[in-house]
Amino acid sequence: MLVVVAILGVAAAIVVPKADPQADFAADAAAGDIAQAVRFAQREAVRTGTYQIVVVDAASQVLRVYQPAASGSGTTAIHPVDKRDYQLSFSKEGMPLATVVSSVFKYQSGTVTNGAYFGPDGVPVDIAPTKVLGLPLGLLLDTKDISPLKEEARITIRHGNTERVVRVAPVTGRVSL
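Residues numbered from 1 in each chain as written. Predicted model: local features only at pLDDT ≥ 70, side-chain atom pairs only at ≥ 80, totals over all residues. Heavy atoms only, no water.

Visitor: Please clarify how the pattern of salt bridges should be interpreted in this entry.
Guide: Pairing is possible between side chains of opposite charge, provided their charged atoms come close. Tallied over the entire structure, the rule returns 6 salt bridges. One salt bridge in this structure joins Glu151 and Lys106, with 3.7 Å as the shortest N-O distance. One end of the pair, Glu151, is in the loop between strand E9 (146-148) and strand E10 (153-159); the other, Lys106, is in strand E5 (residues 99-106), and 45 residues separate them in sequence. Judged by relative accessible area, Lys106 falls into the partly exposed class, the value being 34%. The structure contains a network of salt bridges with shared partners spanning Glu152, Arg154 and Arg167. (Salt bridge = Lys/Arg side-chain N within 4 Å of Asp/Glu carboxyl O. Helix = DSSP H or I, 4+ residues; strand = E, 2+ residues; numbered from the N terminus. Buried < 20%, exposed > 50% of the residue type's maximum accessible area, 1.4 Å probe, protein only.)

Here it is as structure tokens:
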């Protein structure tokens, strides 16, 4: 009977993942930071009447909020609290940060990107870079140059066994966790 109980104990330890509250907190914090950055880009676009871009790069583990510019790289937005460039890095060493697994924004044009433009109306869209570059930033483009989200965008992050998804709604741009 002791052998059976020992075997069941080992099997349970393998099958049931360990609860790690630190992983939950880290994943929740990272998801909250990402949601806050996307909301900031959206509000900034509405406030300034200009396009704002949010890009989440899973390869470099960086989220950046910026305004498009003729140079192609754009002007990084300034974080409202610490007054630095609005850029989140999830690759700092020595800290229990979550990892960006993926960032998928699918548009009606068929384009799939890792971010979105937020227009002066706050709606997430995709615009061909050649259509934005060289234009006055407040200029509204012809609707044929703009492609709205086809479905809910998803930014997935993970810490340990805990995974969180930040969602952006296609029509309204509503950000949810």
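Right, picking up where we left off after that structure.
Visitor: Any chance you could explain unusual backbone geometry here in plain terms?
Guide: For Gln61, which is not glycine, the phi dihedral falls at a positive 60°. Here Gln61 lies in the loop between strand E1 (52-57) and strand E2 (62-67). For Gln61, a relative accessible area of 10% translates into the label buried. If you check the backbone angles, Lys83 has positive phi at about 60° while not being a glycine. Positionally, Lys83 belongs in the loop between strand E3 (75-76) and strand E4 (87-89). A relative accessible area of 57% means that Lys83 is categorised as exposed.

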